[in-house]
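Each chain, written out:
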Amino acid sequence: MTEPSTRQSALVRTALRGIACRCPRCGVGKLFVGFLTLRPACEACGLDYAFIDSGDGPAVFVIMLAGAIVVACALIVEAKYQPPFWVHAVLWLPLILATTLLPLRSMKSLLIALQFHHKAAEGRLIERTPK
């Protein structure tokens, strides 16, 4: 059995590879071809990326974090200064774009790396023999 510190360091290493958008196994190969388009396999170690299914998870995490940040900022500005609505549009539209698009790629890569680390896969039903 592996020690907890060894497991924790492996998890940290995998998470850092994910945030850097690198292959979760080797940390060398790039994970993406485009902005969010995955490569079919790692060009360095050959890991097949067919197992990857991040789904809507990255978008949900990013939307929740961005929403909390933007709404908190907008409420503070409204309570303190009460600016006209056009000022809100000028302030918050760029912030919404920045807080959603910038971390989306790293969040998707992080969830893929964690999926690889924990060997997550589709759920399977257990076949039971009749009594």
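None of these values were measured; they are calculated from a predicted model.

Peer 1: Whenever I open this one, the overall build of the protein confuses me. Can you help?
Peer 2: A tally of regular secondary structure across the protein gives three helices and zero strands. Moving toward the C terminus, one meets the helices and strands of the protein in the order α-α-α. Taken over the C-alpha trace, the protein has a radius of gyration of 20 Å; the compact-globule value for 131 residues is 14 Å, which it surpasses by more than 25%. Reported as C-alpha extents along the three principal axes, the dimensions of the protein are approximately 65 × 50 × 30 Å.

Peer 1: Hey, could you run me through the state of the cysteines in this one?
Peer 2: Here, the word disulfide means a covalent bond between the sulfur atoms of two cysteines. With the rule as written, the count across this model stands at zero disulfides. Of all cysteine sulfurs in the structure, the one in C23 sits closest to C21, which takes part in no disulfide; the separation is 12 Å. Residue classification places C21 among the buried residues on the basis of a relative accessible area of 13%. Between C23, a free cysteine, and C42, which holds the nearest cysteine sulfur, the sulfur-to-sulfur gap is 3.7 Å. Accessibility expressed as a relative area gives 0% for C23, which makes it buried.

Peer 1: Would you explain the pattern of salt bridges in this entry?
Peer 2: In this structure the tally under the stated criterion is one salt bridge. Salt-bridge contacts for E43 lead to R39; the nearest nitrogen and oxygen are separated by 3.2 Å.

Peer 1: Is there a simple way to think about the nonpolar core in this case?
Peer 2: With nine residues, the main nonpolar core is built from C21, C23, L31, F32, C42, L47, Y49, I52 and I112. Excluding residues that lie within four positions of it along the chain, L47 makes contacts with C23, P24, R25, P40, A41, C42 and F116. One finds A15, V62, L104 and L110 within the second-largest nonpolar core, a separate group that totals five residues.

Peer 1: Got a minute to help me understand the environment of P94 in this structure?
Peer 2: Structurally, the position occupied by P94 is in helix 3 (residues 85-117). The partly exposed category is assigned to P94, whose relative accessible area is 46%. For the pair formed by P94 and G34, sequence separation is 60 residues and the distance between their alpha carbons is 23 Å.

Peer 1: In this structure, what is going on with the environment of G57? I would like to understand it.
Peer 2: One can find G57 in helix 2 (residues 57-81). Classification of G57 by relative accessible area gives partly exposed; the value is 24%. Between the C-alpha atom of G57 and that of L104, which follows or precedes it by 47 residues, the distance is 10 Å.

Peer 1: In this structure, what is going on with helix 3? I would like to understand it.
Peer 2: Along an α-helix, a turn takes 3.6 residues, which lines up residues three or four apart on a common side. Helix length check: helix 3 (33 residues) gives 46 Å between terminal C-alpha atoms against 48 Å at 1.5 Å per residue, within 8%. The largest bend in helix 3 is about 45°, located at L104. If you check which residues of helix 3 are buried, you get H88, W92, T99, T100, L104, M107, K108, S109, L110, I112, A113 and Q115. Taken together, the buried residues of helix 3 touch helix 1 (4-19) and helix 2.

Thresholds applied
Residues numbered from 1 in each chain as written. Predicted model: local features only at pLDDT ≥ 70, side-chain atom pairs only at ≥ 80, totals over all residues. Heavy atoms only, no water. Helix = DSSP H or I, 4+ residues; strand = E, 2+ residues; numbered from the N terminus. Rg over C-alpha atoms; globule rule 2.2 N^0.38 Å. Disulfide = S-S within 2.5 Å. Buried < 20%, exposed > 50% of the residue type's maximum accessible area, 1.4 Å probe, protein only. Salt bridge = Lys/Arg side-chain N within 4 Å of Asp/Glu carboxyl O. Core = buried A, V, L, I, M, F, W, Y, C linked by side-chain atoms within 4.5 Å. Contact = heavy atoms within 4.5 Å. Expected span 1.5 Å × (residues − 1). Bend = angle between axes of the 7 residues up to and from the residue.

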